[in-house]
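# Descriptive structure summary
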Amino acid sequence: MLAWTIYISFLGVLVLMLLPKGNAAAARKVAMLSAVAGLLVALAGFLQEAPEFKLGKIVPVADAGWIHSLGIRYYLAADGISMTLVLLTGLAAVAGILFSWNIAHRAKEFFAFYLALIGGVYGVFLSFDLFLLLVFYEIAIIPKYFIIAIWGSTRREYGAMKLALYSFVGSAMVLVGLIAAYVVSGAHTFNVVELAKYPFPHGFQMWAFPLVFVGFAILAGLWPFHTWAPTGHVAAPTAASMLLAGVVMKLGAYGCLRVAMTVFPEGMGDWGFGVMGFHSWRDVIAVLAVIGIVYGAMVALVQKDFKFVIGYSSVSHMGFVLLGLVTLNTIGLSGAVLQMFSHGVIAGLLFAVVGRMVYDRTHTRELSVLEGMGLSKAMPFAAVTFVIAGVASMGLPGFSGFVAELQVIIGAWKAYPTLAVITGIGILIGVAYTLRAMQKAFFGDAVATSLTSSHSLGYEDGDAVERVPTITIPERIGAVILIGVSLLIGLYPRLLLDVIVPSFDSPLFEWLRKGGVQ
């Protein structure tokens, strides 16, 4: 049943391409029906297979021969980890369309690329044949480029090209590692479960692991390969920003966990010597993740562009995911997966407020200009939404971010106590940049509105507040859905943790149990 999340998305693309030009209303309806159907199928599959996921089982979804001469199969399956991210994809898809209800320019092409991207993302999360996973991974990259280059804003061609180039370089690294694993194993298969069982030579894993891990981690925003993320987020239209932060960055983190860490587990082991205090690739990645957390937060703190603040905050929050992965303990790993889900929801909401509610109405993202507009009075719903999303992003108890980041920090404390303390500093800086953005964007002095800011909007002085369009019904629905999901998981995280944690008892993570990690 879960395979239909993929098929429905691509069927939606086909229907959109058959629509007549200029019928934006029909394009929106087709896209929304496809996204809602995909989400409903994901929910039904989750509820149906939850007992299996809670036992740590991998549930087959589809299995058919594809390229027989190479042993490549169309093999789809799901466990608690992939199921969590499939649900996230469904939520992000629906919310993104709700916040794109105003798209009129080439609407059918926009939503066709959008659904193709969603179909590719579903495919990545459900693929247990690594060649198939890489095919879907590339399918997800191509629509991103066109969505940003055609419908984007600030330096859109540059942002789209940079994102595509970084993504393809990472993909090439992954492809080299997978081909090497296929040849060395001699198993004539790309099945991740079978490859995870094969005892690859220690020396081979020592170079294959960092190659594949970094190849995927580029898309997850690993410092110093993160620079595509802020420019891509800022250039992208609202829905694309929501998908980039919500699910596309999760593709990279998921690949790190599902491929690099399961197929080449010994690559995280000790080198047998030390270099500048590092004794393993695991140590290197942990330090880079913490640098990303602190660096992203510090850069976000000094940004003048509202969207850049959220762009760099995504780099910071994805650092928690990567840090949780290399803790190699169950609480840290499960926290990393929960953080993928939580950040996807919260970052999507933040980008929706900044891109759709604020920028599309005021035509500016400059905090110094927004500060004088009194947007808390002009757009109270947007202000309240950003405050809620902001405190959720800070890690306020009751929201999903708190549970996820707490688990990562506990896991990091067990593995890297010093880095856990530094991570805490990153959280404090996160509170600072969130409050600063909140204050400047929504709670500045409206009386201080300058002639420059008013005239740049095409209004007479002092008239800016009255002329800002109201928040639409689709936008309100999208915001309520995302806030509700974050609250639900924050108040009852067992809904996801009960299927995530047992997944680490599956054959894919045999290395975890052999290491005796608690």
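See above for the structure.
Residues numbered from 1 in each chain as written. Predicted model: local features only at pLDDT ≥ 70, side-chain atom pairs only at ≥ 80, totals over all residues. Heavy atoms only, no water.

## Section: unusual backbone geometry
Omega for the bond connecting Trp-223 with Pro-224 falls within 30 degrees of zero, at 5°, which places this linkage in the cis form. As for its position among the elements, Pro-224 is in the loop between helix 8 (202-217) and helix 9 (228-235). Backbone geometry places Leu-328, a non-glycine residue, at a positive phi of 55°. In this structure Leu-328 comes out as buried when scored by relative accessible area, which is 12%. (Helix = DSSP H or I, 4+ residues; strand = E, 2+ residues; numbered from the N terminus. Buried < 20%, exposed > 50% of the residue type's maximum accessible area, 1.4 Å probe, protein only.)

## Here we look at the packing of aromatic side chains
Across all of its chains, the model carries 24 aromatic pairs by this definition. A ring pair is formed by Phe-110 and Phe-111, whose centres lie 5.1 Å apart and whose planes are at 85°; its orientation type is edge-to-face. Here Phe-110 matches Phe-111 in class, with each residue buried. Put simply, the rings of Phe-110, Phe-111, Phe-113, Tyr-114, Tyr-145, Phe-146 and Trp-151 pair up and form one aromatic cluster. Above the plane of the ring of Trp-101 lies Arg-28, whose end atom (NZ or CZ) is 5.7 Å from the centre. The side chain of Arg-476 reaches across the aromatic face of Phe-381, ending 4.8 Å from its centre. (Phe/Tyr/Trp six-rings, centres within 6.5 Å; stacked < 30°, edge-to-face > 60°. Lys NZ or Arg CZ within 6 Å of the ring centre and 35° of its normal.)

## A few points about the pattern of salt bridges
Inspection of every chain in the model, using the stated rule, returns seven salt bridges. For Arg-356, the salt bridge goes to Glu-475, with nearest N and O atoms at 2.7 Å. Pair noted here: Arg-356 is in helix 13 (residues 330-362) and Glu-475 is in helix 21 (residues 473-491), with a separation of 119 residues, a long-range link. Assessed through its relative accessible area of 10%, Arg-356 is described here as buried. (Salt bridge = Lys/Arg side-chain N within 4 Å of Asp/Glu carboxyl O.)

## Observations regarding the side chain of Gln-303
Tracing the backbone through its elements, the reader meets Gln-303 in the loop between helix 11 (281-301) and helix 12 (306-326). Residue classification places Gln-303 among the buried residues on the basis of a relative accessible area of 16%. For Gln-303, the side chain forms a polar contact with the main-chain oxygen of Val-299, separated by 3.2 Å. (Polar contact = N/O pair within 3.5 Å; in protein donor to acceptor, adjacent residues only side chain to side chain.)

## Overview of helix 13
Taking 1.5 Å as the rise per residue, helix 13 with 33 residues should run 48 Å; its terminal C-alpha atoms sit 46 Å apart, in good agreement. A large share of helix 13 lies buried, amounting to 29 of its 33 residues. Looking one or two residues beyond helix 13, the residue adopting positive phi is His-363, at roughly 60°. (Expected span 1.5 Å × (residues − 1).)

## Structural notes on the layout of surface pockets
Size it by volume and the second largest pocket reaches roughly 270 Å³. Elements with a contribution of two residues or more to the lining of the second largest pocket: helix 5 (130-151), helix 10 (238-263) and helix 13. At four residues, helix 13 tops the list of elements feeding residues into the lining of the second largest pocket. Considered class by class, the residues forming the lining of the second largest pocket number nine nonpolar, seven polar and five charged. (1 Å grid on protein atoms, 1.4 Å probe; cavity = no way out; pocket = protein on both sides within 12 Å on 5 of 7 lines; lining within 4 Å. Points joined across faces, edges and corners; volume = space filled by probe spheres on them. Nonpolar A, V, L, I, M, F, W, Y, C, P; charged D, E, K, R; others polar.)

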